[in-house]
Amino acid sequence: MAHAVEIRDLHKSFGDLEVLKGVDFTVDEGQVVCVIGPSGSGKSTLLRCVNLLEQPTKGKVTVGGVELTDPDVDIDAARRRLGMVFQSFNLFPHLTVLQNVMIAQRRVLKRGKNEAERIARDNLDKVGVGAKCDAFPPQLSGGQQQRVAIARALAMDPELMLFDEPTSALDPELVGDVLSVMRDLARDGMTMLVVTHEMSFAREVADRVVFMDGGVIVEEGPPDQVIGAPQHARTRTFLKRVLDPTHAEDDVSAGQDGAAADSPPAR
Amino acid sequence: MADQSMTAEPAGPAGRAPGGSRLSPRKKQRISRGVQYVILIAAVVAVAFLTNWQGLAQNFAKMDVARQAFPDVFTVALRNTIIYTVGGFVFGSLGGLLLALMRLSSVRPYRWIAIVYIEIFRGLPALLIFLLILFLPLALPGFEVPGGTYGQGVLGLTIVSSAYMAETLRAGLQAVPKGQTEAARSLGMSHSRAMISVVIPQAIRIVIPPTTNQFVSLLKDSSLVLFLGVSGEYVELTKFGNDLASTTSNATPILVVGLTYLLVTIPLGYLAGRLETRQAKGR
Ligand SMILES: Nc1ncnc2c1ncn2[C@@H]1O[C@H](COP(=O)(O)OP(=O)(O)OP(=O)(O)O)[C@@H](O)[C@H]1O
Ligand SMILES: [Mg+2]
């Protein structure tokens with residue numbers, strides 16, 4: 001059977017800067033794959049190449065058997081099958097919560113008003129913000145906004161959900177609500193590709209973890225292996241930083257990236 | 001601590017200001033303000049004595065002349081001013097939106113056309129554009145601006161305002177965060193659908209205050225319709241005031257017309273300010 005997502009030799013450059021240097025991996029239907037890695041390693045770029053918010057320089061992206069990188073593909077139609085959740089929510093501030101979840105259903109899927117509203121309310125209830133239908137996004141907490149954003153994507157009945165650090169912009173006490181929605185989604189069998197720094201979430205929910213650094217996949221496998229017993233020094237260094245940030249400086253020798261990130265002790 | 005030393009100083013022995021100077025800062029300030037008032041009063045008295053009040057009143061505030069201006073100053077002149085302005089504003093906004101979208105287009109020739117248009121018509125005096133319209137039939141024989149006199153006036157104001165609106169709207173469109181388009185596209189919306197449903201509605205909200213100011217300046221520019229040689233039922237405020245001032249050999253109609261402009265422009269300017277602060281707070 002075909003993979004839900006298949007990425008082959010994916011390259012992406014911004015001008016002279018090569019951000020993705022040949023990425024290969026697959027996600028099977030119903031799988032949750034978490035992508036981890038240091039800042040600037042190309043995780044967001046990878047995700048954005050999957051739904052073609054960025055045009056890959058080279059390589060193939062296939063979702064549900066349709067090659068998105070084929071120049072003749074109807075990209076708007078293809079994107080309808082993928083939901084994306086952004087770090088900064090990106091709700092439409094001029095529309096109410098309900099309208100946020102309805103507008104693409106109405107304009108893209110051409111659903112009738114009643115049907116769209118029913119589906120919107122169902123999804124908002126599912127993520128626990130059903131009571132906020134008539135509020136405008138800026139009146140909501142970050143955690144609520146992100147859950148509305150998830151409902152907005154789900155209302156389009158996607159085959160695959162992409163999450164780009166969905167909890168990174170949230171206050172710590174709001175992270176749990178969003179993660180539990182994502183956990184439920186995974187349990188219901190949604191295929192998910194999640195960029196995250198939440199290691200405990202990755203360990204618990206992911207079927208596979210992909211560690212990226214410098215535009216390539218360094219290591220991938222089951223979470224217990226990649227997070228629990230990493231094979232590569234770069235993975236170990238990264239995990240040490242994430243899991244124990246106060247002792248990050250101990251590893252300056254471990255990689256060039258680290259040396260650049262830590263400012264000199266002068267001043 | 002700092003507070004204590006501050007309050008302690010004035011409480012100390014009088015005249016013991018820091019630096020050994022004779023006057024405390026507060027006293028200096030009081031004297032300075034006193035001097036300013038004296039100068040103001042002197043100026044007012046001088047103007048009051050030197051002005052020929054009688055002559056001024058005769059020329060600028062003659063009641064029977066002022067009476068002649070009513071009700072036509074409102075029913076004809078102001079009405080026409082508003083027709084010209086609103087017409088120019090509506091068509092200018094549509095043209096400006098089109099130009100702004102062309103300016104941001106990925107098709108290079110569209111960008112060029114928009115840039116050339118915007119640069120030319122923002123750079124020319126509005127009066128020159130009206131003169132151009134006046135001479136248009138000479139250049140293009142048989143050509144007639146649809147809508148007659150109203151059409152000509154509205155066309156002139158449309159040409160002017162579309163160039164300014166284009167730049168305002170472009171700024172507004174660019175002020176909508178890129179994530180908004182990305183969210184819309186990731187939901188499967190086409191580029192134009194994302195523009196119509198997500199970006200343009202937000203851009204319009206952003207540009208409402210500057211646009212209100214543009215409406216005010218368009219209202220003032222509508223006075224240039226005077227140069228189209230309009231008459232009778234088509235006159236707007238400035239032409240109306242000018243004509244009545246000529247026939248009565250008196251400047252009072254100018255004053256009446258001026259006050260009529262202010263009746264509209266001041267509230268609108270105030271409104272624009274309110275909208276601006278409201279938006280600043282909403283951010
Ligand atoms: N549109 C762009 N134009 C130019 N450079 C870009 C663009 N988008 C990303 N980059 C660069 O590509 C590199 C990878 O960025 P990316 O956002 O994919 O990293 P990331 O792994 O998601 O990092 P983070 O954890 O900080 O989100 C960075 O060096 C970034 O500056
Ligand atoms: Mg990122």
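Located above this text is the structure these notes cover.
Small disclaimer: the values here were computed from a predicted structure and weren't measured.

Student: Describe the site of ligand 1, with residues and values.
Tutor: Residues and elements named next belong to chain A. Around ligand 1, a shell composed of Phe14, Leu17, Val19, Pro38, Ser39, Gly40, Ser41, Gly42, Lys43, Ser44, Thr45 and Glu165 is seen. Measuring from an oxygen atom of ligand 1, one finds a backbone N or O atom of Gly42 at 3.0 Å. One of the side-chain N or O atoms of Lys43 is found 2.7 Å from an oxygen atom in ligand 1. With the chains in place, 60% of the 630 Å² that ligand 1 exposes on its own is no longer accessible. Within the residue set of the shell around ligand 1, elements represented by two or more residues are strand 2 (17-27) and helix 1 (43-50). For the shell around ligand 1, the element with the most residues is helix 1, which contributes three residues. For the shell around ligand 1, the residue count by class is four nonpolar, six polar and two charged.

Student: Let's hear about the interface of chain B and chain A: which residues, and what values?
Tutor: Listed per partner, the contact involves 18 residues of chain B and 21 residues of chain A. It is Glu182, Ser186 and Leu187 of chain B that lose the most area in chain B upon contact with chain A, and together they represent 35% of the buried surface on that side. Taken together, chain B and chain A are joined by two salt bridges. Ionic pairing is found between Arg185 of chain B and Asp76 of chain A, a salt bridge with its closest N-O pair at 3.2 Å. Counting across the chain B and chain A interface gives six residue pairs in polar contact (both at pLDDT 80 or more).

Student: Please give an account of the sheet that holds strand 2 of chain A that cites residues and values.
Tutor: One open sheet holds the four strands; their spatial order is 2-1-4-5 (chain A), and the pairing between them is antiparallel. Two strands close off the open sheet at either side, each with one partner strand: strand 2 and strand 5 (66-67) of chain A.

Analysis parameters
Residues numbered from 1 in each chain as written. Chains lettered and ligands numbered in written order. Predicted model: local features only at pLDDT ≥ 70, side-chain atom pairs only at ≥ 80, totals over all residues. Heavy atoms only, no water. Near = heavy atom within 4 Å. Polar contact = N/O pair within 3.5 Å; in protein donor to acceptor, adjacent residues only side chain to side chain. Areas by Shrake-Rupley, 256 points an atom, 1.4 Å probe, with all protein chains shown as cover. Helix = DSSP H or I, 4+ residues; strand = E, 2+ residues; numbered from the N terminus. Nonpolar A, V, L, I, M, F, W, Y, C, P; charged D, E, K, R; others polar. Contact = heavy atoms within 4.5 Å. Buried area = accessible area lost by both parts, 1.4 Å probe. Salt bridge = Lys/Arg side-chain N within 4 Å of Asp/Glu carboxyl O. Pairing = 2+ DSSP bridges.

By themselves these figures say nothing about function.
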